[in-house]
Amino acid sequence: MAKKRRKYEFKPDPKGTNLLKVLHMTRHQQLQTLKWALYALLCLVLLIVQDVVMSRFRFSGATTDLAVCGILLIGILAGAEDGGLFALLASAIYWFSGSAPGPYVIALITLFVIGASLFRQVFWHRSFGSIMLCAGLAMMLYEWSLFAIGIFIGRTLWARFGVFTIAGVMSVLVMLALYPLVKAIGKIGGETWKE
């Protein structure tokens, strides 16, 4: 009897592994993965539209920064932790795409997302006005920082400050249009923040 019991005491590992069983995700994890994949897809579409379409249209020498609009808005909506990580990865992809003015955009975008998110979380409740105010301010600071870096490295002139300001204002207006879409994607899987 003892021999028979020992025989069935340990079951061997199954010979064939099903990848779906190994990579099992809960429903919440699947929805969170879908949300972040849609965010990444939105940023990719914005980058393509910027490079293919919007780069041909200029208003007083300025055009929008659609990819940066998307990264900043998504990052600020997601919060300092998740949004900061997303901004770091998305801005690195933005630079590697060849559309960014330089590698310094990785640090700029990430710092502005984290700073604006923390500022909003500390001083204001989560609302459309507070999110758009912080995102708009971050966008303007980003454009002015690009101008300051351009002056420092000799790539632009002082006379182009207005062009950078117009580009920031146009990008903020695009953020207003993007907000409902980004907010709808953010609701996938439930909102994890508590304020």
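Residues numbered from 1 in each chain as written. Predicted model: local features only at pLDDT ≥ 70, side-chain atom pairs only at ≥ 80, totals over all residues. Heavy atoms only, no water.

Caption draft 1: Local environment of the packing of helix α3 (residues 27-52) against helix α5 (residues 80-96). Their axes nearest at 12 Å, the elements α3 and α5 cross at an angle of 35°. Of the two elements, α3 crosses α5, and the hand of that crossing is right-handed. Between α3 and α5, the residues in contact are W36, Y39, A40, C43 and L47 and D82, F86 and Y94, respectively. Among the residues making up the contact of α3 with α5, the classes are represented as seven nonpolar, no polar and one charged. (Axes fitted to C-alpha atoms, helices over the stretch in contact; angles between N-to-C directions. Helix = DSSP H or I, 4+ residues; strand = E, 2+ residues; numbered from the N terminus. Left-handed = near helix turned anticlockwise from the far one by under 90°. Contact = heavy atoms within 4.5 Å. Nonpolar A, V, L, I, M, F, W, Y, C, P; charged D, E, K, R; others polar.)

Caption draft 2: Local environment of the layout of surface pockets. The space that makes up the largest pocket amounts to roughly 560 Å³. Of all elements in the fold, only α3, α4 (66-78), α7 (128-153) and α8 (161-186) reach the threshold of two or more residues within the lining of the largest pocket. Looking at the lining of the largest pocket residue by residue, the class counts come to 12 nonpolar, eight polar and six charged. (1 Å grid on protein atoms, 1.4 Å probe; cavity = no way out; pocket = protein on both sides within 12 Å on 5 of 7 lines; lining within 4 Å. Points joined across faces, edges and corners; volume = space filled by probe spheres on them.)

Caption draft 3: Representation of the environment of V45 within the structure. Mapped onto the fold, V45 is located in helix α3. Here V45 falls in the partly exposed class, since its relative accessible area comes to 42%. Taking the C-alpha atoms as reference points, V45 and L66, 21 residues apart in sequence, are found 9.3 Å from one another. (Buried < 20%, exposed > 50% of the residue type's maximum accessible area, 1.4 Å probe, protein only.)

Caption draft 4: The arrangement of the nonpolar core in detail. Of all hydrophobic cores here, the largest spans 43 residues; its most connected members are L72, L73, Y94, I109, M139 and Y142. Of all the secondary-structure elements, those providing two or more residues to this core are α3, α4, α5, α6 (104-123), α7 and α8. (Core = buried A, V, L, I, M, F, W, Y, C linked by side-chain atoms within 4.5 Å.)

Caption draft 5: Broad picture of the packing of α6 against α7. Running from N to C, α6 and α7 point in directions that differ by 150°, and their axes come no closer than 9 Å. Here α6 lies roughly antiparallel to α7, going by the angle between them. For the element pair α6 and α7, the recorded crossing hand is right-handed. Of the residues in α7, those in contact with Y104, V105, L108, I109, F112, A116, F119 and R120 of α6 are S130, I131, C134, A138, L141, Y142, S145, L146, I149 and I153. When its residues are assigned to classes, the contact of α6 with α7 shows 15 nonpolar, two polar and one charged. (Parallel < 35°, antiparallel > 145°, perpendicular 65-115°, else oblique.)

Fair warning: the whole summary comes from geometry, so function is off the table for now.
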